Amino acid sequence: MAPAITLAAEAPKLSAANTGFMLICSALVLIMTPGLAFFYGGMVRVKSTLNMLMMSFISIGIVTILWVLYGFSMAFGTDSGGFIGWTSDWVGLSHIGLTDLWPGYTIPIFVFMVFQMMFAIITPALISGALADRVKFTAWALFVALWATVVYFPVAHWVWGAGGWAFELGVIDFAGGTAVHINAGAAALGVILVIGKRVGFKKDPMRPHSLPLVMLGSGLLWFGWFGFNAGSWLGNDDGVGALMFVNTQVATAAAMLAWLVYEKIRHGAFTTLGAASGAVAGLVAITPSGGAVSPLGAIAVGAIAGLLCAMAVGLKYRFGYDDSLDVVGVHMVGGVIGSLLIGLFASGKGQSTVEGLFYGGGLTQFWKQCAGVFAVLGYSLVVSAILAFLIDKTIGMRVPEDDEVAGIDQAEHAETAYDFSGAGGGAVRTAGPAPVADAASKKVDA
């Protein structure tokens, strides 16, 4: 018995395999933010393309620096009252040794830190899709910095930090259904209720200008999401990460198919935008639940999310809030669905022995999930609305109406996404009258 006791008492040792795996996963999560930029960038009109791309890219710059300076310490430092963390030795990433391990795991603290940094980066970027066409870039940059500080960092501690109240309660969020998707979706709703609708909302056509760009973005998101989800187990030793990888693929496929079926019945066509949106809805819903459900459960989670999110995106027309690119309908609703379904479909054979209602576990876990979901939703919605209100009353959140109508790309960035000056081709004419200009070559559907 002595050797066994000795082995059990041994501290974890650095695993080169797990460290390399987590660094790859971190890179995969980072690529999701440019993927999101393309996804959103293709969904807006031509005159807003660059602004949409920049709203995601600026999050990479701002949140990276804040995470190093104090964000990591606030999110994962020593707990204070279940609501916030703080470890002074981590401020500026000081006093962290190269081989110091994340407690209980076989990867360095630096690796855990950079993996979680990528989550912190993409979460405020998700909000930007709801604000397309109408927000000053300086106001957006300030909002990202403030929101990350007073909303994301504390909520990440609630959900994932040792001592965080949701973590201690037993709320299951494998990779970010509450901390990322509900958090961002509720924030989006809070901000748009403050800043109002786009000029021409429900009157002018606001169709996506590049569906190929949307499909490219959704493909990059799907690809990067394997790192986002499977990497959240922080290792590859017991098969749970592999289960999450499988469930990510399964749920995403099911959600895409469910969205397309709904779309065909409701609108008479299978659209590329529907396929892309359905895939993202499935990715969102399986993010919190994928480590707790079986592959069959993942099909159910994905199908339910695909159907309900497809229905939810139309609510903005019924209730009159201008969620430009359906952040509320996909991310908030999808995050709520995925988080709550854990209470029904948890099999007890994945990340923990917790069983949901359909596996004989009763409603205990369901009520825990409700507590986490609605606490994050309410906190993020209210605080985000307050931040937007304060920024609007100081430096102003919205661009002038004339700039919005003419195009926010030119007004805010002095650039345009596409140069149409050479659209007529480069052929050299040697004779004949000057051609009559084709009106279509001079007019872009804005």
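Just so you know, these numbers come straight off a predicted model, no measurement behind them.

Here the structure, examined in full by the defined rule, presents 1 cavity of 30 Å³ or more. Computed from the structure, the largest cavity encloses a volume of approximately 50 Å³. Around the largest cavity, the lining residues are Met32, Leu36, Ile122, Leu126, Val180, His181, Leu221, Trp225, Phe228 and His331. For the lining of the largest cavity, the secondary structure elements donating two or more residues are α2 (16-43), α4 (109-127), α7 (177-195) and α8 (211-230). Take the lining of the largest cavity: its biggest share by element is 3 residues, from α8. Tallied by class, the residues present in the lining of the largest cavity amount to 8 nonpolar, 2 polar and no charged.

So, on to the environment of Tyr40. With respect to the element layout, Tyr40 can be found in helix α2. Taking relative accessible area as the criterion, Tyr40 reaches 1% and is therefore assigned buried. Linking Tyr40 and Ser324, residues 284 residues apart in sequence, is a C-alpha distance of 9.8 Å. With near-sequence residues (within four places) excluded, Tyr40 lies in contact with Met52, Ala125, Leu126, Ser128, Gly129, Leu325, Val327 and His331.

In this section: the side chain of Arg198. Relative to the helices and strands, Arg198 resides in the loop between α7 and α8. Taking the relative accessible area as the measure of exposure, Arg198 reaches 9% and is therefore buried.

This brings us to the pattern of salt bridges. Counted by the stated rule, this structure contains 5 salt bridges. Here Glu404 and Arg398 are joined by a salt bridge, their closest N and O atoms 2.8 Å apart. When salt bridges with common partners are traced through the structure, they connect Arg45, Asp133, Arg198 and Asp322 into a single cluster.

Across soluble globular proteins, nonpolar side chains have a tendency to be buried as a group. One finds Trp67, Phe72, Leu131 and Tyr152 to be the most contacted residues of the largest nonpolar core, which totals 122 residues. Here the element with the most residues in this core is helix α5 (residues 137-160); it accounts for 16 residues. If we ignore the near neighbours within four places in the chain, the residues touching Phe72 are Trp67, Gly77, Trp90, Leu93, Trp102, Ile109, Phe112 and Met113.

With that settled, consider the environment of His209. Within the element layout of this structure, His209 appears in the loop between α7 and α8. In sequence terms His209 and Lys47 are 162 residues apart; their C-alpha atoms lie 9.3 Å from each other. When residues no more than four places from it in sequence are discounted, the contact partners of His209 are Gly41, Gly42, Val44, Arg45, Val46, Thr49 and Tyr418. Here Val44 takes part through its backbone oxygen, which lies 2.9 Å from a polar atom of the side chain of His209. Of the polar contacts made by the side chain of His209, one reaches the side chain of Tyr418; its length is 2.7 Å.

Moving on to the layout of surface pockets. Roughly 920 Å³ of volume is contained in the largest pocket. Lining the largest pocket are 40 residues; nearest its centre among them are Leu273, Val313, Lys316, Tyr317 and Asp326. Sorting the residues of the lining of the largest pocket by element identifies α2, α9 (240-267), α10 (272-289), α11 (295-312), α12 (315-319) and α13 (327-345) as the ones contributing at least two each. The biggest single contributor to the lining of the largest pocket is α9, with 5 residues. Taken together, the residues that form the lining of the largest pocket break down as 20 nonpolar, 8 polar and 12 charged. In this model, the second largest pocket occupies a volume close to 660 Å³.

Here we take up the confidence of the model for the chain. Mean pLDDT over the chain stands at 92; residues scoring 70 or higher make up 92%. Here residues 1-9 is modelled with pLDDT under 50, and outside its nearest four sequence neighbours on either side it reaches 0 contacts, counting other chains as well.

Here Leu93, not a glycine, exhibits a phi torsion of approximately 60°, which is positive. Assignment of secondary structure puts Leu93 in the loop between β2 (84-85) and α4.

At a minimum axis separation of 10 Å, α4 and α5 run at an interaxial angle of 125°. The orientation of α4 relative to α5 falls into the category oblique. As α4 runs across α5, the sense of the crossing is right-handed. In this structure, α4 uses Gln116, Phe119, Ala120, Thr123, Pro124 and Ile127 to contact α5, whose residues at the interface are Trp140, Phe143, Val144, Trp147, Tyr152, Phe153 and Trp160. Tallied by class, the residues present in the contact of α4 with α5 amount to 11 nonpolar, 2 polar and no charged.

Considering all chains together, one arrives at 27 aromatic pairs under this definition. Taking 6.1 Å as the distance between ring centres and 85° as the angle between the ring planes, the aromatic pair formed by Phe83 and Trp158 counts as edge-to-face. With Phe83 in the loop between β1 (79-80) and β2 and Trp158 in helix α5, this pair connects stretches of sequence that are 75 residues apart. Of the residues examined, Phe83 reaches a relative accessible area of 49% and is grouped as partly exposed. We classify Trp158 as buried; its relative accessible area is 6%. Three or more aromatic residues link up through ring pairs in this structure, and these residues are Trp67, Tyr70, Phe72, Phe76, Trp90, Trp102, Phe112, Tyr152 and Phe153.

The rules behind these values
Residues numbered from 1 in each chain as written. Predicted model: local features only at pLDDT ≥ 70, side-chain atom pairs only at ≥ 80, totals over all residues. Heavy atoms only, no water. 1 Å grid on protein atoms, 1.4 Å probe; cavity = no way out; pocket = protein on both sides within 12 Å on 5 of 7 lines; lining within 4 Å. Points joined across faces, edges and corners; volume = space filled by probe spheres on them. Helix = DSSP H or I, 4+ residues; strand = E, 2+ residues; numbered from the N terminus. Nonpolar A, V, L, I, M, F, W, Y, C, P; charged D, E, K, R; others polar. Buried < 20%, exposed > 50% of the residue type's maximum accessible area, 1.4 Å probe, protein only. Contact = heavy atoms within 4.5 Å. Salt bridge = Lys/Arg side-chain N within 4 Å of Asp/Glu carboxyl O. Core = buried A, V, L, I, M, F, W, Y, C linked by side-chain atoms within 4.5 Å. Polar contact = N/O pair within 3.5 Å; in protein donor to acceptor, adjacent residues only side chain to side chain. pLDDT = per-residue confidence, 0-100. Axes fitted to C-alpha atoms, helices over the stretch in contact; angles between N-to-C directions. Parallel < 35°, antiparallel > 145°, perpendicular 65-115°, else oblique. Left-handed = near helix turned anticlockwise from the far one by under 90°. Phe/Tyr/Trp six-rings, centres within 6.5 Å; stacked < 30°, edge-to-face > 60°.

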